[in-house]
Amino acid sequence: MCIGRFVVLGTLGQGGMGTVYEAFDRSLDRRVAVKVLHRDTADQYYRRLLGEAKALAQLTHPNVVTVHEVGEFEGQLFVAMELVTGRTLREWVKQQPRPTWRQCVETYCQAGSGLAAAHAAGLVHRDFKPGNAMVDAGGRVRVLDFGLAQTANEAREHANNSAAREATADRSPSHEPELNQRLTETGQIMGTPAYMPPEQMRGEEVDARSDQFSFCVALYEAIYETRPFEGQTWNELVKSVTSGKTKPRPRSSAPGRLRHILMRGLATDASQRWPSMADLLAELQELVAPKPLRWLAPLAISGGLALIGVGLARYAAVGFRCEGSMSQLAEIWDEERRHQVRDAIFATPRSYAKDTWERVEARLDEYAQDWIDKHTAVCEATRVTQDQSEEVMDLRMSCLGGQRAALHATVEVLAQANAETVDNAMAMVDGLPSLLRCDDVSALRERLPLPSNPEHLRQIETSRAEVASAEALARSGRLDEAVRAARAGLRYAQEISYRPAEATAGLVLGQALELEGSLEQARATLVDAEIAAEIARDDPTLAEIRIALVRVEGDRLIQAQKGHMWARKARAIIERIGGAPHLEAVLEHNIALVLDHEARPEDVLVHQRRAVTLAEQAGVSELRLASMYNSMAGTLAEVGQFEEALERTEQARLTWEKLLGARHHRVATALSMQGYIHQSQGNNREALRWYERGYDQMVAELGTENPQTVDTLTNVAICQAELGQLDTAERNFRRVLMLQQRAFGSEHVKVAQGHENLGAVLSRQGRPEDSLVQHRRALALKEQNLGHDHAQVANSLESVANALEKLGQAPEALTLRQRSLEICERVYGPKHPMLTVPLSNTAQNHRALGNLDQALALAEHAVQIADSRSIAPIDRSFAQLVLALVLSDRNENLERARELFEEAQRAFVDQDAPSERYLLSMLAKRHGWPITAPPSPTADGARRRQ
């Protein structure tokens, strides 16, 4: 087919007004694009096609498609124009890897230059969108499809058309257009709804500022992967756009100023937009143009250590002025961001939102001012007093860039606060990295130098931005997002094999995975990060990684030997850097967690005291110290130092009230600790009162289904069971189990504890069959999630064995007890205090089967361990009573049996101890020995301590 001198080679596409063909121009020997208007609509759109042709013919610009000819062929109008091969901007932005924000700005600025040229010629495009611009193989952008373009006079004429205004009336859902679909029907608004400015939606006059709005929508979408306005339908979009209601600030590594520039271009009132397209482009190009004052600032890592390395290229050559420090925080913590954070916090349902905002605002103000002061001082030390070299200033400024980025990431998360963010808001600002780290010049010099490749530098910048965001998200409780961001940061670092960034990203990812509960992934990630930190010669980061591995392997995965090994390695690296109290405090705290699994409360307390002393020495915040005080209170209660335990938890409560407000759920944590202390004293009635206070406060602030609330309800139910309120306890345990299943899924290991607690109360109610069902389910979940040789599996084996014994199945119970004992010996060693109870239970089982020799050997071993190691007094009493009963059965050494009987009951004179009291009563009846402790209302002979 031929159209005049153009030979048609194929069809490029169909549009609402016509068809576009690829053709060959025989006269000029070149390929062109020919747009032919549909025959049945030629009369209707004759003026418009001519308008397009004339508009394009007036323009000669490298970023606007060139028109070669306009004519008529067989009664059909056509326009021959430059043939552009490549991808539309919509296709270009979807390439992998996805273009960076900088690449998006640079590419869209080309399209913007084309629009600016059109505006200079008095033309308005009216339908700019990503599909109306092409990027060729060389990266050059052309704006296409001026089919809706009008001169300013035509635009005013159209605005007076009443039919156009009527088109803005509400449409029924069945007639709403697709948001990406161009509207060109007679009497309707012309353009594409998703990119349409509000004045065009209302059928009002459009001008160059209307194209500016559409351009900003498209660029916003390219950078943030979402459009700025809510709305899935025409009506929803019109409401959002005309009211100026934009979506919350998206998470992105793009600078805050970029969004500020785009938001001005998206103003509902056209007079508030940029004066011209050229002014908008000048602002955008300012962001991406290379500047001698711009440096690549690394970001903070977990715990407040800053990554160092990116120097200030040619910093001195431009005569840097030290009074510019405040401008460095523009778009990060200024009045606009202050209002965004305040509004986000106030929009949550937390009753303490106002208190939280006031404290967060003060802390952010303080940190921002400290940063400005430090930045100015570092500058003046070189520029004014000349006390330090250019190289040292570069290192310190780079470090401060990391702290600045951490502030940026924290504010970003707070500006999108939900209820959980408010709960953790003070912890977030409390976790901002210390500015003092930027004074340690010797440490800053140790890191590997940065690569010289500019692309690699940009990759590192992106990696560190993602890592900073991950840290802030993790502290806010948004763990899924934190893991995604940290993975992205690690991927960027690994692509260029830059070890310092790999170590930092791996540390943050490992910590986020641990918080998420993905413990094996966390361990593997941290081990890889440890190797990267070794290669990078980044000792502070290496120390932090090893400290994290103490917690993950020694505490969370209950592998004590590995935990202690990492602790030794961490101590070595801390010694190499000359000591670091803030790191040593965390290390001591994590060692205490490992020792807690080994049933060594006295040793736990020693390390907790060291942790508190070091934290106070390092100037750790009161918020962190309060958590340490509360943890110490639990250990003090365990070793019987109840007075100091109450003092410590009261210290924590008062600190939390001062920093967070009396209604914050952390205060409820201190109330629950009061309950635990009273429960440890055997005063379950007083313990229940405190647990209920803590539970009521958590319900008021967090709701009934929050995991912390559910855990507190568990403590309430345990006290109720100990007080003989078995029916009430059963109802609460069933509710806990239901809520755990709803939160974690029925196959999660967390649900196993719910089954065990319910099984225990069913046993006390005299329902062994029902109890066995619950304990078997708990055992299956633990084996499924933790493996068959885990310490927690041993506990469940004991519980199942208890239920089987009650049902008269002692041989089956003994098989499970022996397996439990083997696991404990393998995990803890043959003389560990954790073996006391399983040894005693197994001895009891043998005794019930008449195997008195085996029973005696096991009972003697249990008492030997109890006498030589620090264990809970009630566990020692149980072992002593079992041995006394075996000696009684054998009718030998009754004098020793009585000594054991008398010593054992001293440990639970004020406690509810059903198993122990039952054994006590058996011996008393058999030999007439006096009982000084009152009987327990819930004692039953078949239950063993678990």
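Small disclaimer: the values here were computed from a predicted structure and weren't measured. (Residues numbered from 1 in each chain as written. Predicted model: local features only at pLDDT ≥ 70, side-chain atom pairs only at ≥ 80, totals over all residues. Heavy atoms only, no water.)

**Q** Honestly, the overall build of the protein in this entry has me stumped. Any pointers?
**A** Of regular secondary structure, the protein possesses 38 helices and 11 strands. Here the protein holds 946 residues, and the buried ones make up 56% of them. Within the protein, contacts between residues at least 6 apart in sequence are counted, and of these 65% link residues at least 24 apart. As presented, the protein carries roughly 38,900 Å² of accessible surface, and 48% of it is formed by carbon and sulfur atoms. (Helix = DSSP H or I, 4+ residues; strand = E, 2+ residues; numbered from the N terminus. Buried < 20%, exposed > 50% of the residue type's maximum accessible area, 1.4 Å probe, protein only. Contact = heavy atoms within 4.5 Å. Areas by Shrake-Rupley, 256 points an atom, 1.4 Å probe, with all protein chains shown as cover.)

**Q** Teacher, can you tell me more about the packing of helix α33 (residues 810–828) against helix α34 (residues 836–848) here?
**A** Packed helices, taken two at a time, are described by their axes: the angle between them and the distance between them. Two elements in contact, α33 and α34, have axes separated by 9 Å at closest approach and are oriented at 155°. When the axis of α33 is compared with that of α34, the two are roughly antiparallel. The handedness of the crossing between α33 and α34 is left-handed. Contacts between α33 and α34 involve Ala-810, Ala-813, Leu-814, Arg-817, Gln-818, Ser-820, Leu-821 and Cys-824 on the former and, on the latter, Pro-838, Leu-839, Asn-841, Thr-842, Asn-845 and His-846. Taken together, the residues of the contact of α33 with α34 break down into 7 nonpolar, 6 polar and 1 charged. (Axes fitted to C-alpha atoms, helices over the stretch in contact; angles between N-to-C directions. Parallel < 35°, antiparallel > 145°, perpendicular 65-115°, else oblique. Left-handed = near helix turned anticlockwise from the far one by under 90°. Nonpolar A, V, L, I, M, F, W, Y, C, P; charged D, E, K, R; others polar.)

**Q** Looking at this model, I keep getting lost on the sheet that holds strand β5 (residues 67–73). Mind explaining?
**A** Paired through their backbone hydrogen bonds, the strands of a sheet run either parallel or antiparallel. Taken in spatial order, the 6 strands make up an open sheet running β1-β2-β3-β4-β6-β5, and their pairing is antiparallel. This sheet does not close on itself; its edge strands, each paired only once, are β1 (2–3) and β5. As defined by bridge partners, strand β3 (residues 18–25) adjoins strand β4 (residues 30–37) across 8 bridges and the pair is classed as antiparallel. Its bridge partner lying in β4, Phe-24 is registered against Arg-31. (Pairing = 2+ DSSP bridges.)

**Q** Any chance you could explain the sheet that holds strand β10 (residues 141–143) here in plain terms?
**A** An order of β7-β9-β10 is seen for the 3 strands of this open sheet, with the pairing classed as antiparallel. Of all the strands in the sheet, just β7 (87–88) and β10 have a single pairing partner and so form its edges. Note that strand β9 (residues 133–135) and β10 share 3 bridges and pair antiparallel. Following the sheet pairing, Val-135 is matched in β10 by Val-141. Packing of helix α3 (residues 101–120) onto the sheet brings it into contact with β9 and β10, and relative to β10 it is tilted by some 35°.

**Q** Hey, could you run me through the packing of helix α27 (residues 684–702) against helix α28 (residues 707–722) in this one?
**A** Running from amino to carboxyl end, α27 crosses α28 at an angle of 155°, the nearest separation of the two axes being 9 Å. Comparing the axis directions of α27 and α28 gives the class roughly antiparallel. Considering how the two elements wind past one another, α27 and α28 form a crossing that is left-handed. Facing α27, whose interface residues are Asn-684, Ala-687, Leu-688, Tyr-691, Glu-692, Gly-694, Tyr-695, Met-698, Val-699 and Leu-702, α28 presents Gln-708, Thr-709, Thr-712, Leu-713, Asn-715, Val-716, Cys-719, Gln-720 and Glu-722. Its residues placed into classes, the contact of α27 with α28 shows 10 nonpolar, 7 polar and 2 charged.

**Q** Help me understand the nonpolar core, please; the structure alone is not making it clear to me.
**A** When a protein is soluble and globular, its nonpolar side chains tend to lie buried together. Residues Val-341, Leu-364, Leu-407, Leu-414, Ile-545, Leu-587 and Trp-656 are the most contacted members of the largest nonpolar core, which totals 112 residues. A total of 11 residues in this core trace back to one element, the largest contributor, which is helix α13 (residues 390–414). In this structure, Val-105, Phe-215, Val-217 and Leu-237 belong to the second largest nonpolar core, which totals 46 residues. (Core = buried A, V, L, I, M, F, W, Y, C linked by side-chain atoms within 4.5 Å.)

**Q** What is the right way to look at the pairing of β4 in this model?
**A** When a strand is regular, its side chains alternate between the sheet's two faces. Among the 8 residues of β4, 6 are classified as buried, and the element is accordingly described as predominantly covered. Linking two consecutive strands that pair antiparallel, namely β3 and β4, is a turn of 4 residues; a positive phi of about 60° is found at Asp-29 within it. Where β4 meets strand β6 (residues 76–82), 5 bridges bridge the pair, whose relative direction is antiparallel. Looking at β6, one finds that Val-32 is bridged to Glu-82.

**Q** How do you make sense of helix α14 (residues 419–430) when you look at a structure like this?
**A** Counting along an α-helix, one turn takes 3.6 residues, and residues three or four places apart therefore face a common direction. In terms of burial, α14 is a largely internal element, 9 of the 12 residues being buried. What α14 keeps buried is the set Ala-419, Thr-421, Val-422, Asp-423, Ala-425, Met-426, Met-428, Val-429 and Asp-430. Its side-chain oxygen 3.2 Å from the backbone nitrogen of Glu-420, Asn-418 forms the N-cap of α14. (Polar contact = N/O pair within 3.5 Å; in protein donor to acceptor, adjacent residues only side chain to side chain.)

**Q** Quick question: what am I supposed to make of the pattern of salt bridges here?
**A** A side chain of one charge can pair with a side chain of the opposite charge when the charged atoms of the two come close. Applying the stated criterion across every chain yields a total of 58 salt bridges. Taking the shortest distance from any N to any O, the salt bridge between Glu-514 and Arg-556 comes out at 3.5 Å. Here the residue Glu-514 occupies a position in helix α18 (residues 499–516), and Arg-556 occupies one in helix α20 (residues 539–556), the gap between them amounting to 42 residues. Where salt bridges share partners, they join Glu-335, Arg-338, Glu-361 and Asp-365 into one cluster. (Salt bridge = Lys/Arg side-chain N within 4 Å of Asp/Glu carboxyl O.)

**Q** Please explain the environment of Gln-212 as it appears in this structure.
**A** Mapped onto the elements, Gln-212 comes out in helix α7 (residues 208–224). Among all residues touching Gln-212, those that are not within four sequence positions of it are Gly-265, Arg-273, Trp-274, Ser-276, Met-277 and Leu-280. A polar atom in the side chain of Gln-212 sits 2.9 Å from the backbone nitrogen of Trp-274.

**Q** In this structure, what is going on with the confidence of the model for the protein? I would like to understand it.
**A** Low-pLDDT stretches of the model should not have their predicted coordinates read in fine detail. Looking at the protein as a whole, the pLDDT averages 82, with 86% of positions reaching at least 70. Predicted confidence for residues 148–177 stays below pLDDT 50, and this span has 61 contacts to residues more than four positions away or in other chains. The model gives residues 290–321 a pLDDT under 50, and that stretch makes 103 contacts with residues more than four places away or in other chains. (pLDDT = per-residue confidence, 0-100.)

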